[in-house]
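Single-letter residue listing:
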Amino acid sequence: MSPPGRPKGERRSAKHEGFLLHDRPASLFALSVAGVCLVIGVVAWRLTPSSTHAARPAEPRFTEWRDNPFAAGVPTDAAAYNEAAARAAEAAAAHVARLWVDGSLRGTDLDGDWGTWAGDRLQPGLSLRRRFDYLLTGTGEVEPAELRHWIEQQLTLERGIDAARQVLDVWDRYLALQQRRFETAWKPDDPASWAGVMAERSKVRRDLLGAPWAQAFYADEERDFAALAARRSAAPAAPAAPSPSLLTPDAATQTPELHAARSAQFGAEGAERLRAEDAAWAHWEQRIADARAALQAIAQRPELSVQQREQALQDELARRFSGTELQRAHAILRSVAP
């Protein structure tokens, strides 16, 4: 009988069955080797460059502080924004640096400094305001934003990014103060209004800068301004009475006290000469006064003609004066109407 399940006529000898069972592993091995070779060939073909496959573009390169190691060479939107902002900052700082080459700051040195530091903390001080004011003189040639980039770059190189952030915080507040519009108008010719002007500005300074920085930046200025306002607002003092002249006093001041003062300043001989001069001057003044009265009387005589009146005036002067005294008297009394 044939074994169960095998068709009729399909009988195999035991020898033939043994051959088939013994040869099956070798066949499977041959098939596996062929499959591996096929896979290797396909991979090699895919990796071989060809003109029909475009080369992969180079991955973007970034500086260390901007690179995102998890982006696989593809920058995020934030990274791309930082890259553009960094390039703009570098360009702005380079523009500011031209101020010392061919701008208004050429030939000058930086005024002030980057402030007083206690360890890594910035302390309020006037020297930082002087540095800010110096840099702001370049406004018009460069923008305030460009100055800010330059400050950031310089301080980052000198003291690090944390120090730069502290200084820039004060810079931003100081710039806001410079751009502030005040309500109280400044009137230089009205010292009485200065107190209101200073009160408003002092308050705004403390609001924007904070009390410590406002004190450091403006204490001296506010003190000097208050003193000036007090002087200008005070009522003018009555002028002091002039001291009597020791050289040419009028007749009413001829006193023993005057002679003593002259003796103390000019000596006894000098005081005596001054006394004699005073007496001679008083005598001359009296002669001129008497001549004026006489000439006025002649000018008022109605019976005299013009020629007669003129001759009478000349005769009166000649009777009272002579020589150089006559010339002096004529010059002094010529205003008397004929």
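None of the values given here were measured: they were computed from a predicted structure.

Basis of the calculations
- In this numbering scheme, every chain counts its residues from 1 along its sequence in written order.
- With the structure being a predicted model, the display of local features is reserved for residues of pLDDT at least 70 and the display and counting of side-chain atom pairs for 80 or more, all residues being used for whole-chain, interface and lining totals.
- To obtain the side-chain values, all non-hydrogen atoms of the structure were used and water was disregarded.
- Axes here refer to lines fitted to C-alpha atoms; in helices the fit is confined to the stretch in contact. Angles between the N-to-C directions go from 0 to 180 degrees.
- In DSSP terms, a helix is any run of H or I states spanning at least four residues, a strand is any run of E spanning at least two, and both are numbered starting from the N terminus.
- Reported orientations rely on four angle classes, namely roughly parallel under 35 degrees, roughly antiparallel over 145, roughly perpendicular from 65 to 115, and oblique for the rest.
- Each crossing gets its handedness from the near helix: less than a right angle anticlockwise from the far helix is left-handed, clockwise is right-handed.
- We call two residues in contact when some of their heavy atoms are within 4.5 Å.
- Residues are grouped as follows: nonpolar covers Ala, Val, Leu, Ile, Met, Phe, Trp, Tyr, Cys and Pro; charged covers Asp, Glu, Lys and Arg; every other residue, Gly included, is treated as polar.
- The term salt bridge refers to a side-chain nitrogen of Lys or Arg lying within 4 Å of a carboxyl oxygen of Asp or Glu.
- Only protein chains enter the accessibility calculation, which uses a 1.4 Å probe; a residue whose area is less than 20% of its type maximum is buried, one above 50% is exposed, and one in between is partly exposed.
- The term nonpolar core refers to a set of buried residues drawn from Ala, Val, Leu, Ile, Met, Phe, Trp, Tyr and Cys, joined through side-chain atoms within 4.5 Å.

Concerning the packing of helix 4 (residues 126–136) against helix 6 (residues 161–178)
Relative placement of two packed helices is described by the angle separating their axes and the distance separating the axes.
Okay, step 1: One can describe the packing of helix 4 onto helix 6 by two numbers: an axis separation of 11 Å at closest approach and a directional angle of 60°. When the axis of helix 4 is compared with that of helix 6, the two are oblique. As helix 4 packs across helix 6, the resulting crossing turns out to be right-handed. For the pair formed by helix 4 and helix 6, the contact residues are Leu128, Arg129, Phe132, Asp133 and Leu136 on the first element and Val167, Val170, Trp171, Tyr174, Leu175 and Gln178 on the second.
Okay, step 2: When grouped by side-chain class, the residues that make up the contact of helix 4 with helix 6 number 8 nonpolar, 1 polar and 2 charged.

Structural notes on the pattern of salt bridges
Okay, step 1: In total, this model carries 15 salt bridges according to the counting rule given.
Okay, step 2: One salt bridge connects Glu222 with Arg205, and the closest N-O pair in it is separated by 3.0 Å. Taken as a pair, Glu222 in helix 8 (residues 211–233) and Arg205 in helix 7 (residues 194–209) lie far apart in primary sequence, 17 residues in all. In this structure, Glu222 and Arg205 share a single accessibility class: buried.
Okay, step 3: Among the salt bridges present, the one from Glu325 reaches Arg287, with a minimum N-O distance of 3.0 Å. Within this pair, whereas Glu325 is found in helix 11 (residues 324–333), its partner Arg287 is found in helix 9 (residues 256–299), the two being separated by 38 residues in sequence.
Okay, step 4: By relative accessible area, Glu325 is classed as partly exposed at 27%.
Okay, step 5: Taken together, the shared-partner salt bridges in this structure form one network comprising Arg129, Asp133, Arg205, Arg206, Glu221 and Glu222.

Overview of the nonpolar core
Okay, step 1: In this structure, Trp114, Leu128, Ile151, Val167, Leu209 and Phe217 are the most contacted members of the largest nonpolar core, which totals 32 residues.
Okay, step 2: When contributions to this core are tallied by element, the ones reaching two or more residues are helix 2 (77–97), helix 4, helix 5 (144–158), helix 6, helix 7 and helix 8.
Okay, step 3: Here this core gets 9 residues from one element, more than from any other, and that element is helix 6.
Okay, step 4: Aside from chain neighbours lying at most four places away, what touches Ile151 is Trp114, Leu135, Val167, Leu168 and Trp171.

Focus: the packing of helix 6 against helix 7
Okay, step 1: Relative orientation of the contacting elements helix 6 and helix 7 amounts to 150°, with a least axis distance of 9 Å. Looking at the two axes, helix 6 sits roughly antiparallel to helix 7. Helix 6 and helix 7 meet at a crossing whose hand is right-handed. Counting all contacts with helix 6, which are made through Arg173, Tyr174, Ala176 and Leu177, the residues of helix 7 involved are Val204, Arg205, Leu208 and Leu209.
Okay, step 2: Looking at the contact of helix 6 with helix 7, its residues break down into 6 nonpolar, no polar and 2 charged.

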